[in-house]
Amino acid sequence: VNGTGIPTTLPVIPYQKLTDLQFLSKGGFGTVFKAQHSDWRTTVAIKCLKLDSPVGERERNCLLKEAEVLHKARFNFIIQIFGVCNEPEFFCIITEYLSNGSLDQLLHEKDMYPLLAWPLRLRILYEIALGVNFLHNMTPPLLHHDLKTQNILLDAEFHVKIADFGLSKWRQLSISKSSGSKPPEMGGTVIYMPPEEYEPSKSKRADVKHDMYSYAIIMWEVLSRKIPFEEATNPMQIMFSVLKGNRPDINLETLPFDIPSRDILIDLMTSGWAKNPDDRPSFITLHLSLRTITFQPVNSQIK
Ligand SMILES: Nc1ncnc2c1ncn2[C@@H]1O[C@H](COP(=O)(O)OP(=O)(O)OP(=O)(O)O)[C@@H](O)[C@H]1O
Ligand SMILES: [Mg+2]
């Protein structure tokens, strides 16, 4: 790391090399565009801070932290970072562009994807598990803490790339009061958040099992193609219901009979969203179980 806070091995990309900006999405504090790199002749995605107001120091540090994390967490199923653009009026991180959007779109745009073959769905679950398992095996472990279907992106062959490390944190070994802990962000979604996070003061040790709860909700969404807690009218209602022990439905109407290894998957899912974080499996345990389910080639089954 040099004086600017940018890891020295991370390329700095000049703004004028980025052309043909096309808006993709506006999120919490950033905006994502598709762009061309004029020298590399390749499509990239850029996540920028707001373009209208001058870049604040705090936001800049958030995005820099995300760049640094992505740079360290290079792996198959993790989105690849190419560099950062660090100019006074333009600050962004540049990553690979993923042409098939997010898992959220794949699951819920039923006009575009009327059928989703089981082998593809299982492969996606398998790849997310491997990606998160890698993060949890870093030194110190990296906890994603914002796993949701909008943050699981899909490449041209529908392979998984985990994205959005804006809320990720390195696991702290000391049980010191975590200064970075924030109340649940009401702007975002509460459906992937484990109940212990509603009261962040409670148990910081449980942090390692946060991602597993989110994963279990994602698993339900992949198997059902429904929106979790869709009937709820506001986030408070969801939190209240989850605190009482309610979880998404696992009946035959929601999770049909033809799901391969249905019983194994439902067991994994329900242990993953257990109220007590200690009852949730680790990602390595999850992986060992998922591995026993056969994965056939899926390329022929994608339309
Ligand atoms: N590399 C990429 N290729 C294609 N689409 C992308 C890429 N990165 C982001 N997107 C799109 O932009 C959306 C938001 O990206 P991301 O989650 O990184 O930003 P964010 O500012 O944290 O947004 P949010 O607050 O909505 O989570 C993604 O859900 C996806 O639809
Ligand atoms: Mg996001």
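Below is a short write-up of the structure. (Residues numbered from 1 in each chain as written. Chains lettered and ligands numbered in written order. Predicted model: local features only at pLDDT ≥ 70, side-chain atom pairs only at ≥ 80, totals over all residues. Heavy atoms only, no water.)

## Looking at the overall build of the chain
Step number 1: Along the backbone of the chain there are 7 helices and 9 strands.
Step number 2: Here the chain holds 303 residues, and 48% of them are scored as buried.
Step number 3: Counting contacts in the chain only where the partners sit at least 6 residues apart, residues at least 24 apart contribute 65% of the total.
Step number 4: Taken as a whole, the chain presents about 15,200 Å² of accessible surface, with 54% of it coming from carbon and sulfur. (Helix = DSSP H or I, 4+ residues; strand = E, 2+ residues; numbered from the N terminus. Buried < 20%, exposed > 50% of the residue type's maximum accessible area, 1.4 Å probe, protein only. Contact = heavy atoms within 4.5 Å. Areas by Shrake-Rupley, 256 points an atom, 1.4 Å probe, with all protein chains shown as cover.)

## Regarding unusual backbone geometry
Step number 1: In this model, T139 is joined to P140 through a cis peptide bond whose omega is -10°.
Step number 2: Of note, the phi angle at D164 is positive, near 60°, even though the residue is not glycine.
Step number 3: Among the secondary structure elements, D164 is positioned in the loop between β8 (160-162) and β9 (169-170).
Step number 4: Judged by relative accessible area, which is 23%, D164 ranks as partly exposed.
Step number 5: Phi is positive for F229, close to 55°, though the residue is something other than glycine.
Step number 6: Within the secondary structure, F229 sits in the loop between α4 (210-224) and α5 (235-243).
Step number 7: You can call F229 buried: its relative accessible area is 9%.

## Thoughts on the coordination of the magnesium ion (ligand 2)
Step number 1: Every protein donor of the magnesium ion (ligand 2) is accounted for by N151 (OD1) and D164 (OD), and the metal-donor separations fall at 2.1 to 2.2 Å. In this pair, N151 is assigned in the loop between β6 (142-143) and β7 (152-154) and D164 in the loop between β8 and β9, connecting sequence segments 13 residues apart. (Donors = N, O, S within 2.8 Å, 3.2 Å for Na, K, Ca; no water.)

## Structural notes on the pattern of salt bridges
Step number 1: Applying the stated criterion to the full structure yields 8 salt bridges.
Step number 2: Across the salt bridge formed by D164 and K47, the nearest N and O atoms sit 3.4 Å from each other. Of this pair, D164 sits in the loop between β8 and β9 while K47 sits in strand β3 (residues 42-49), and the two are 117 residues apart along the sequence.
Step number 3: On the basis of relative accessible area, K47 is assigned to the buried category, the value being 18%.
Step number 4: Close ionic contact of R123 with E127 constitutes a salt bridge, the shortest N to O distance being 3.8 Å. In this pair, R123 and E127 both sit in helix α3 (residues 118-136), 4 residues apart, roughly one turn of the helix.
Step number 5: Owing to a relative accessible area of 12%, R123 belongs among the buried residues under this scheme. (Salt bridge = Lys/Arg side-chain N within 4 Å of Asp/Glu carboxyl O.)

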